[in-house]
Amino acid sequence: MARSCLPYELFQDRKESLYYGLNALSNNLIMVDRKALKNPNGLILGTPGSGKSFAAKREIANAFLVSDDDVIICDPEAEYAPLVERFGGQIIRISPSSSQYVNPMDINLNYSEEDNPVALKADFILSLCELVVGGKEGLQPVEKTVIDRCVHQIYQKYFEDPRPENMPLLQDLYEALLKQEEKEARHVATALEIYVTGSLNIFNHRTNVDITNRIVCFDIKDLGKQMKKIGMLVVQDQVWGRVTQNRSAGKATRYFMDEFHLLLKGELASWSVEIWKRFRKWGGIPTGITQNIKDLLASREIENIFENSDFIYMLNQAAGDRQILAKQLNISPHQLSYVTHSGEGEGLLFYGNVILPFVDRFPKDTELYRLLTTKPQEVAV
Ligand SMILES: Nc1ncnc2c1ncn2[C@@H]1O[C@H](COP(=O)(O)OP(=O)(O)OP(=O)(O)O)[C@@H](O)[C@H]1O
Ligand SMILES: [Mg+2]
């Protein structure tokens, strides 16, 4: 796609326009509403310390104050809490020692627009099982079949009497698998066991936290490496549940995923790509935040995420990534100079087919700055 040439202004006089910095060429304010885009899905890309999380937090604060949207954050580094707490939001800490639980088996009747919400839920549970069971080759066809069969069984039971106390747990899946004849079912059940009765059973509890707050932050820092992926997948599924409920209520859901590359690895990629596409249709506004450009271009499937993101907030880039991005996004050497050795909060904004260099020098002597910064000596106490 040909991008427009500089200079340009991005100033939309809309009720929910948000501040994204100053136009580096004219010094005019950049105020845009991502909802006006054909596809509001967004990416924030940049090297460590370039200001990615800062930009996400600034948008969160701004969106919280000027819109009625819900905001959900997946926070693998535990750094969004001060901001979320200041706004009276809910922090959910998911860790082996936490007593706050979310149930990966949660389902609501809006979960899918197809007649059968269970079909989409089964997709999610297959991704979850891939993580748990799948070795190098992933789940085998017979394993997939038995999982799918069991998922349908346990939800059929739930929908006959859909009271919260009947919401299935991983344990129900485990037990259903054990009742199947195929040895593959036993294999999957055995792999699941540690997550059901064993030491990793944090996802085998009914949801006991309030996730209806307008701003919710899932802190998954204390999950180990393998559990972190599972945690991110489960959080993503909870967000999806919320997006579908909000759609019925005519409300938008902004979802910020920091360390987004973790969601693009191996087994998780196809579910993430699917969600990325579905979000827009359902009034969701996802934002992926990552320093790892290569993970975003790891496969044709994942590139889809790029193609479905009309909002890209590009901060300073490493040399290798710059070349990759220049090719992928069709940007000129001159435009590239704005993401070459650029300072914190400086870069290129892609908004629809407009590209604009921006500068955001956020005033440091403010309460809000102290809620946004990650520099230890500046963080609000
Ligand atoms: N727009 C800005 N105005 C002023 N200072 C900024 C701005 N953006 C970033 N900074 C400063 O840079 C620091 C690092 O930013 P941030 O935590 O967002 O980096 P990051 O890109 O998320 O890094 P990492 O990849 O390590 O997570 C912030 O704590 C803040 O002090
Ligand atoms: Mg960060």
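Calculation criteria
- Residues numbered from 1 in each chain as written.
- Chains lettered and ligands numbered in written order.
- Predicted model: local features only at pLDDT ≥ 70, side-chain atom pairs only at ≥ 80, totals over all residues.
- Heavy atoms only, no water.
- Axes fitted to C-alpha atoms, helices over the stretch in contact; angles between N-to-C directions.
- Helix = DSSP H or I, 4+ residues; strand = E, 2+ residues; numbered from the N terminus.
- Parallel < 35°, antiparallel > 145°, perpendicular 65-115°, else oblique.
- Left-handed = near helix turned anticlockwise from the far one by under 90°.
- Contact = heavy atoms within 4.5 Å.
- Nonpolar A, V, L, I, M, F, W, Y, C, P; charged D, E, K, R; others polar.
- Pairing = 2+ DSSP bridges.
- Core = buried A, V, L, I, M, F, W, Y, C linked by side-chain atoms within 4.5 Å.
- Buried < 20%, exposed > 50% of the residue type's maximum accessible area, 1.4 Å probe, protein only.
- Domains from an automatic or database assignment.
- Salt bridge = Lys/Arg side-chain N within 4 Å of Asp/Glu carboxyl O.
- Buried area = accessible area lost by both parts, 1.4 Å probe.
- Polar contact = N/O pair within 3.5 Å; in protein donor to acceptor, adjacent residues only side chain to side chain.
- Near = heavy atom within 4 Å.
- Areas by Shrake-Rupley, 256 points an atom, 1.4 Å probe, with all protein chains shown as cover.

> Help me out: how do you make sense of the packing of helix α5 (residues 170-178) against helix α6 (residues 183-196) in this one?
Two quantities define a packed helix pair, namely the angle between the axes and the distance from one axis to the other. One can describe the packing of α5 onto α6 by two numbers: an axis separation of 9 Å at closest approach and a directional angle of 155 degrees. The angle between α5 and α6 places the two elements in the roughly antiparallel class. The two elements α5 and α6 meet at a crossing, and its hand is left-handed. Contact residues: α5 offers Leu170, Gln171, Leu173, Tyr174, Leu177 and Leu178, while α6 offers Ala185, Arg186, Val188, Ala189, Leu192, Glu193, Tyr195 and Val196. Split by residue class, the contact of α5 with α6 holds 11 nonpolar, one polar and two charged.

> Just to check I follow, could you spell out the sheet that holds strand β8 (residues 284-290) for this structure?
Through backbone hydrogen bonds, the strands of a sheet pair up, either in parallel or in antiparallel fashion. Spatial ordering of the open sheet is given by β2-β1-β11-β10-β9-β3-β8-β7-β4-β6-β5, a layout of 11 strands whose pairing is mixed. Only two strands of the sheet have a single partner each, and these edge strands are β2 (29-32) and β5 (90-93). Strand after strand, the sheet turns through a mean of 25 degrees between neighbouring axes, direction not considered. In this structure, strand β7 (residues 253-257) lies alongside β8, joined through five bridges in parallel fashion. Paired with threonine 253 across the strands is glycine 284, a residue of β8. The sheet strands contacting helix α7 (residues 225-248) are β4 (70-75), β6 (215-219), β7 and β8, and the helix crosses β7 at an angle near 170 degrees.

> What is the right way to look at the nonpolar core in this model?
Buried together is how nonpolar side chains tend to be arranged in soluble globular proteins. In this structure, Ile94, Leu173, Leu177 and Phe203 are the most contacted members of the largest nonpolar core, which totals 88 residues. If one sorts the elements of this core by residue count, helix α3 (residues 117-133) sits on top with 11 residues. There are two domains that each give this core at least three residues, and those are domain 1 (18-89 + 213-372) and domain 2 (117-203). Judged by nonpolar contacts, the second largest core, of 38 residues, contains Tyr20, Phe64, Tyr351 and Phe358.

> Explanation requested: the pattern of salt bridges in the structure shown.
It is possible for side chains bearing opposite charge to pair when their charged atoms get close. Tallied over the entire structure, the rule returns 24 salt bridges. Close ionic contact of glutamate 59 with arginine 254 constitutes a salt bridge, the shortest N to O distance being 3.4 Å. Here glutamate 59, found in helix α1 (residues 52-66), pairs with arginine 254, found in strand β7; they are 195 residues apart in sequence, far enough to count as distant. Pair check on accessibility: glutamate 59 and arginine 254 agree, each one buried. A salt bridge links aspartate 161 to arginine 163, with the shortest nitrogen-to-oxygen separation between them at 2.7 Å.

> I keep staring at the side chain of aspartate 321 and nothing clicks. Help me out?
With respect to the element layout, aspartate 321 can be found in helix α11 (residues 319-329). With relative accessibility at 9%, the residue aspartate 321 sits in the buried group. Among residues more than four places away in sequence, those in contact with aspartate 321 are Gln291, Ile293 and Lys294.

> How should I be thinking about the domain arrangement of the protein in this particular structure?
How big an interface is tends to be stated in terms of the accessible area lost upon association of its parts. According to the domain assignment, the protein consists of domain 1 (18-89 + 213-372) and domain 2 (117-203). Centre-to-centre, using C-alpha coordinates, domain 1 lies 32 Å away from domain 2. Facing the 14 residues of domain 1 at the interface are 13 residues of domain 2. Both sides together, the interface formed by domain 1 and domain 2 hides about 1,400 Å², and carbon and sulfur atoms give 79% of it. The largest per-residue losses of area from domain 1 upon contact with domain 2 belong to Met227, Glu267 and Trp271, which jointly make up 40% of the total buried on that side. Here domain 1 is connected to domain 2 by one salt bridge. The salt bridge involving lysine 121 is made with aspartate 237; its shortest N-O contact spans 2.6 Å. Linking domain 1 with domain 2 are one residue pair in polar contact (both at pLDDT 80 or more), by the criterion used here. Of all the elements in the fold, those that place two or more residues in the side of domain 1 that touches domain 2 are α7 and α8 (269-281).

> Is there a simple way to think about unusual backbone geometry in this case?
Leaving glycine out, the prevailing phi sign among residues is negative, and the prevailing peptide bond configuration is trans. Here glutamate 259, not a glycine, exhibits a phi torsion of approximately 55 degrees, which is positive. Mapped onto the secondary structure, glutamate 259 falls in the loop between β7 and α8. Within the chain, asparagine 330 stands out as a residue other than glycine whose phi angle is a positive 60 degrees. Along the polypeptide, asparagine 330 turns up in the loop between α11 and α12 (333-336). Since its relative accessible area comes to 46%, asparagine 330 is described here as partly exposed.

> Would you explain the pairing of strand β1 (residues 18-23) in this entry?
Consecutive side chains along a regular strand alternate between the two faces of the sheet. Here β1 pairs with β2 via four bridges, running antiparallel. When the sheet's bridge partners are listed, glycine 21 is paired in β2 with isoleucine 30. Note that β1 and strand β11 (residues 354-359) share two bridges and pair antiparallel. Among the inter-strand pairings, asparagine 23 is bridged to a residue of β11, identified as phenylalanine 358.

> Just to check I follow, could you spell out the site of ligand 1 for this structure?
Residues in contact with ligand 1 amount to 18 residues; listed here are only the nearest, Lys52, Phe54, Asp360, Tyr369 and Thr374. Glutamate 344 is positioned with one of its side-chain polar atoms (N or O) 3.4 Å from an oxygen atom of ligand 1. When the free accessible area of ligand 1 is taken as 630 Å², the share hidden by the protein chains comes to 89%. Looking at the shell around ligand 1 element by element, the count peaks at three residues for α1. Here the shell around ligand 1 is composed, by residue class, of four nonpolar, nine polar and five charged.

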